[in-house]
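Tertiary structure, described
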2 protein chains.
Amino acid sequence: MNKQLLTEFARLAVTVGVNVQKGQLLRIIAPIEAKDLVHECARIAYEVGAGDVVVDYSDDVLSRIRFEKAGLEVLKEVPQWQVDKQAYLIDKKCCMLSITSPDPDVLDGIDPQKIKEATMARLKAMKQFQYYTTNNIGQWSIVAYPNLTWAKKVFPNDNEEVALNKLAEAILKASRVNDSEDVVAVWDRHNRAVKGYAKKMNDFNFDYLHFQNSLGTDLKVGLIKDHIWEGGADVTAGGVVFNPNIPTEEVFTMPDRHKISGRVVASKPLSYNGNLIDGFELTFDGGEVVSFKAAKNEEALKNMLDTDEGAKSLGEVALISHDSPISNLNILFYNTLFDENASCHLALGRCYPSNVRGGLEMSDEELYAKGGNNSLIHVDFMFGSADMEITGVKSDGTEIKVFKNGNFVI
Amino acid sequence: MNKQLLTEFARLAVTVGVNVQKGQLLRIIAPIEAKDLVHECARIAYEVGAGDVVVDYSDDVLSRIRFEKAGLEVLKEVPQWQVDKQAYLIDKKCCMLSITSPDPDVLDGIDPQKIKEATMARLKAMKQFQYYTTNNIGQWSIVAYPNLTWAKKVFPNDNEEVALNKLAEAILKASRVNDSEDVVAVWDRHNRAVKGYAKKMNDFNFDYLHFQNSLGTDLKVGLIKDHIWEGGADVTAGGVVFNPNIPTEEVFTMPDRHKISGRVVASKPLSYNGNLIDGFELTFDGGEVVSFKAAKNEEALKNMLDTDEGAKSLGEVALISHDSPISNLNILFYNTLFDENASCHLALGRCYPSNVRGGLEMSDEELYAKGGNNSLIHVDFMFGSADMEITGVKSDGTEIKVFKNGNFVI
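Small disclaimer: the values here were computed from a predicted structure and weren't measured.

Right, let's talk about the overall build of chain A for a bit. Check the secondary structure of chain A and you find 14 helices and 20 strands. Computed over its C-alpha atoms, the radius of gyration of chain A comes to 20 Å, within 12% of the 22 Å expected for a compact globule of 410 residues. Principal-axis analysis of the C-alpha atoms places the extent of chain A at approximately 55 × 50 × 50 Å. Of all intrachain contacts in chain A linking residues separated by at least 6 positions in sequence, the fraction that spans at least 24 positions is 74%. Of the accessible surface of chain A, which amounts to about 16000 Å², a share of 49% is contributed by carbon and sulfur atoms.

Following this line, the structure appears as structure tokens:
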């Protein structure tokens, strides 16, 4: 990434993404490979007035060594100081920037049960803090940074340098960063367009959506009563605008976890905890997955669905035009942040409380009683396609075509 | 560093350096640039039975940005979770491996007062844990890893690739790693030689040492009553042998903090908190620095001496033959770990309790009462030279030549 674009990208992450406020603590989670972006983000954050920047570096290679060699009890331990640290950051009302630079196959071949138990232990220990981001108490954002392994996975026929440059270019394009326009203005315009679709969907107030395509998907997703379609920028409880995902193209809302039925066939592979689950489909009845299969890593899929009750139902339904900028790049990124924005998707697991009226003020129990999903996980998977048809059905039976040939027609 | 030598070096750090025990937690502190060595160390540690490996990555560039941009109050804050983390690691009886890969000028130009206050705050918060390493409760070790900035500082006339290779080669040579001999055997032999000199010095039981050379040093360093000369491998309270410094050539003991007088002229620059203090000398009277000057970064020297009472006196005196392997490389590393092993040195600040009989069982107050130094800092500086003469003087006035022309003659 050349220096000018790197700086512009960091500016996007810090000012449009988390929108760090004067005096606020910025916490950055990043793999060591993304250090150049980390440095730019830190510099810019201090320049716009951040009180401090705390960086936690991760290391995929080290994680893999640990999963290979350490005992299960060790992998499952979450030391109290890690919990205390998270409590400290939240007590400081920090904003949280995650820089992801994945190796999609990093945990390939590791015992899925080991990964599951370690992941569960961490999720449980940190569950008490989940509200901070899911309820938009503080700003949070995720951006991506290229690395060589990822680049070679996405562009296997190019040499390392070319592949890395191509991935960097794709990330910047998808994130709407270029050298001729100001990112803040670009994202402002983009957010207004996305919010236009969300408003229309809210005005329709559908009872359920019926998805159909030639891959075999024939799925009815009931929407929760008083649901809210959202998209683009978000706002914290304190009124600070931020963009949780960079890039983002989706408009999304909350399904009723009891009212999902039919078959959904994934249109892209899913990278979950370092395993690539491919060629999979799920069949729902009464809101719950009743059968599933996968051509690759079916056990990882099974373990994910077994996480808890909510992991077998949905927490989010998201609509993306098939001719979105990311979709038009026609690249499989092997990464949810991008691939979910190239295609309509669903999320297994936890819902976003902001997707229902009054949801941010509801307790977990109230949200659950209303039909929300209360899982430890939230995993997006893609099922959109160029021939996706979506029909919105109102409670009086009125049918409205929402998507034709993969695109919005409202 | 080629893969074979990297693995051998990691084996040295993990098995000879910290000598991690079965089931023990290994904590590694390392800059992100040293990730390749970190990965090898982690892999080997698990293979020899470590219970777990916890890695804390540091980032010099980020530290500099923070020192440039963050406010003093922020820099001085040590969050409780960091203290809790250290307490957790010590409670687990971990061993601690530090990998250093310094940029000697990283904080050049930063306000020394800012650095001093931030460093003091951290030292104070962590003082409660200092005993763990200084009293050899757990094993600890420091090794070095090359980086480009450091390499260009050491070899300014070579291109980047050549400089980096030369530094890697010098580190391996100094650390006695090569591709034909087993490092464990090499270090075993080396430790026996060093311990031979320490035994002789203990048998002499000198009252004080008199240092003289043509640079202008004319210094008498009184040794503490019941002092112990140490060198080479160390042993924990629980009987585990480890090597705190890789490389190490020194035999060293504890001065009496009241009995130091005369002038000492440094023979190499000193990198302290990212500032290179050069061309400096100190004059002692009654054990205390009464005057000092430096050609470069005198203020950093002043701030260091001002840390506390003990920072103005000595805590260690160390003897190294001028024709040691490191000295023969004839390289200024701009790093204490190496440069201190190329030349006789002194340390301003805290003593090592193991350098006096019964010291490990003494309280801080008892050690202080006996003449030990109780400072927050321990900073080595070099004053050895090719013409260093050292005379040992016993309490009955007997004089013994210890060094002639820079080398041991006992």
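Attention now moves to the interface of chain B and chain A. Listed per partner, the contact involves 29 residues of chain B and 29 residues of chain A. Interface area for chain B against chain A, summed over the two sides, is near 2700 Å², with a carbon-plus-sulfur share of 68%. Where E47(A) meets K69(B), a salt bridge forms, and the shortest distance between an N and an O atom there is 2.7 Å. For the pair chain B and chain A, the number of links is 12 residue pairs in polar contact (both at pLDDT 80 or more). Those elements giving two or more residues to the side of chain B that touches chain A turn out to be helix 2 (35-47), strand 2 (52-58), helix 3 (60-69) and helix 5 (80-91) of chain B. Per-element tally for the side of chain B that touches chain A: the top contributor is helix 2 of chain B, with seven residues. Split by residue class, the side of chain B that touches chain A holds 15 nonpolar, two polar and 12 charged.

All names here are of chain A. With respect to topology, four strands assemble into an open sheet ordered 2-1-3-4, the strand pairing being parallel. The open sheet terminates on both sides in strands that have one partner only, identified here as strand 2 (52-58) and strand 4 (140-144). Geometrically, the sheet is characterised by an average inter-axis angle of 15 degrees between neighbouring strands, direction not taken into account. Pairing analysis gives five bridges linking strand 3 (residues 95-100) to strand 4, with the strands arranged parallel. Counted as the bridge partner of T100 is A144 from strand 4.

So, about the confidence of the model for chain A. Chain-level pLDDT for chain A is 94 on average; 100% of the residues reach the 70-or-more range. Taken over the whole predicted complex, pTM reads 0.83, whereas the ipTM for its chain interfaces reads 0.81.

Across the sheet, which stays open at both edges, the five strands sit in the order 7-10-15-16-17 (chain B) with antiparallel pairing between neighbours. Edge positions in the open sheet fall to strand 7 (230-231) and strand 17 (378-382) of chain B, since each of these has one partner strand only.

Between the two copies, chain B and chain A, the superposition gives an RMSD of 0.0 Å; the rotation angle is 180 degrees and the shift along the axis is 0.0 Å. The transformation just described matches what one would write down for a two-fold rotation axis. No C-alpha of chain B lies nearer the rotation axis than that of W81(B), which sits 2.8 Å from it. The overlap is high: 100% of the interface residues of chain B also sit at the interface in chain A, so the same surface is used on both sides.

Bringing the environment of A163(A) into the picture now. Here A163(A) lies in helix 9 (residues 160-174). Residue contacts for A163(A): discarding those within four places in its chain leaves A151(A), K152(A), F155(A) and D158(A).

This part is about the side chain of E340(A). Residue and element names in this part refer to chain A. Structurally, the position occupied by E340 is in the loop between helix 13 (336-339) and strand 16 (345-349). Buried E340, no salt bridge; nearest opposite-charge side chain is K268, N-O distance 12 Å. Separated by 3.2 Å, the side chains of E340 and N245 make a polar contact. The contact partners of E340, leaving out residues within four places of it in the chain, are N245, E250, I320, H345, D380 and M382.

The subject of this paragraph is the pairing of strand 13 (residues 275-285) of chain B. Consecutive residues of a regular strand have side chains that alternate between opposite faces of the sheet. Residues and elements named next belong to chain B. Of the strand pairs in this sheet, strand 11 (residues 255-265) and strand 13 are connected by four bridges, and their pairing is antiparallel. Within strand 13, the residue paired with R263 across the bridge is T283. The sheet contact formed by strand 12 (residues 270-272) and strand 13 spans three bridges and is antiparallel. Of the residues in strand 13, the one forming a bridge with S271 is L276. Adjacent in sequence and paired antiparallel, strand 12 and strand 13 are bridged by two residues, among which N273 carries a positive phi angle near 50 degrees. In the sheet, strand 13 pairs with strand 14 (residues 288-296) via seven bridges, with the strands oriented antiparallel. Opposite L282, over in strand 14, you have F292 as the bridge partner. Taking the residues between adjacent antiparallel strands as the criterion, strand 13 and strand 14 are bridged by two residues, where G286 takes a positive phi near 60 degrees.

All names here are of chain A. In terms of burial, strand 1 (residues 25-31) is largely enclosed, as six of its seven residues are buried. Relative to strand 2, strand 1 runs parallel, the two being bridged by seven bridges. Bridge assignment links A30 to a residue of strand 2, and that residue is Y57. For the crossover that starts at strand 1, traverses helix 2 (residues 35-47) and ends in the parallel strand 2, the hand is right-handed. Of the strand pairs in this sheet, strand 1 and strand 3 are connected by four bridges, and their pairing is parallel. What sits directly across from L26, in strand 3, is C95.

In this section: the packing of helix 3 (residues 60-69) of chain A against helix 2 of chain B. As a packed pair, helix 3 of chain A and helix 2 of chain B sit with axes 10 Å apart at the nearest point and diverge in direction by 5 degrees. Judged by the angle between their axes, helix 3 of chain A and helix 2 of chain B are roughly parallel. From helix 3 of chain A, V61(A), L62(A), I65(A), R66(A), E68(A) and K69(A) reach across to helix 2 of chain B, where they touch V38(B), H39(B), A42(B), R43(B), Y46(B) and E47(B). Along the lines of polarity and charge, the residues of the contact of helix 3 of chain A with helix 2 of chain B split into six nonpolar, one polar and five charged.

Moving on to the packing of aromatic side chains. Throughout the structure, instances matching the rule amount to 21 aromatic pairs over all chains. Between F211(A) and F383(A), the aromatic rings sit 5.0 Å apart at their centres with planes inclined by 65 degrees, giving edge-to-face as the arrangement. Pair noted here: F211(A) is in strand 5 (residues 208-212) and F383(A) is in the loop between strand 17 (378-382) and strand 18 (389-393), with a separation of 172 residues, a long-range link. In this pair, the class of F211(A) matches that of F383(A), namely buried. Seen in terms of ring centroids, F204(B) and F206(B) are 5.0 Å apart; in terms of plane orientation they differ by 25 degrees. Their pairing is stacked.

Right, let's talk about the layout of surface pockets for a bit. Looking at the second largest pocket, its volume works out to about 490 Å³. E33(A), P146(A), N147(A), L148(A) and T149(A) are the residues nearest the centre of the second largest pocket, which is lined by 24 residues in total. Elements with a contribution of two residues or more to the lining of the second largest pocket: helix 2, helix 3, helix 8 (148-154) and helix 9 of chain A together with helix 2 of chain B. Of all the elements, helix 3 of chain A adds the most residues to the lining of the second largest pocket, at five residues. When its residues are assigned to classes, the lining of the second largest pocket shows 10 nonpolar, five polar and nine charged.

Reading guide: rules and limits
Residues numbered from 1 in each chain as written. Chains lettered and ligands numbered in written order. Predicted model: local features only at pLDDT ≥ 70, side-chain atom pairs only at ≥ 80, totals over all residues. Heavy atoms only, no water. Helix = DSSP H or I, 4+ residues; strand = E, 2+ residues; numbered from the N terminus. Rg over C-alpha atoms; globule rule 2.2 N^0.38 Å. Contact = heavy atoms within 4.5 Å. Areas by Shrake-Rupley, 256 points an atom, 1.4 Å probe, with all protein chains shown as cover. Buried area = accessible area lost by both parts, 1.4 Å probe. Salt bridge = Lys/Arg side-chain N within 4 Å of Asp/Glu carboxyl O. Polar contact = N/O pair within 3.5 Å; in protein donor to acceptor, adjacent residues only side chain to side chain. Nonpolar A, V, L, I, M, F, W, Y, C, P; charged D, E, K, R; others polar. Pairing = 2+ DSSP bridges. Axes fitted to C-alpha atoms, helices over the stretch in contact; angles between N-to-C directions. pLDDT = per-residue confidence, 0-100. Least-squares fit on C-alpha atoms with pLDDT ≥ 70 in both. Buried < 20%, exposed > 50% of the residue type's maximum accessible area, 1.4 Å probe, protein only. Lys, Arg positive; Asp, Glu negative; His and termini not counted. Right-handed = clockwise from strand over helix to strand, strands pointing away. Parallel < 35°, antiparallel > 145°, perpendicular 65-115°, else oblique. Phe/Tyr/Trp six-rings, centres within 6.5 Å; stacked < 30°, edge-to-face > 60°. 1 Å grid on protein atoms, 1.4 Å probe; cavity = no way out; pocket = protein on both sides within 12 Å on 5 of 7 lines; lining within 4 Å. Points joined across faces, edges and corners; volume = space filled by probe spheres on them.

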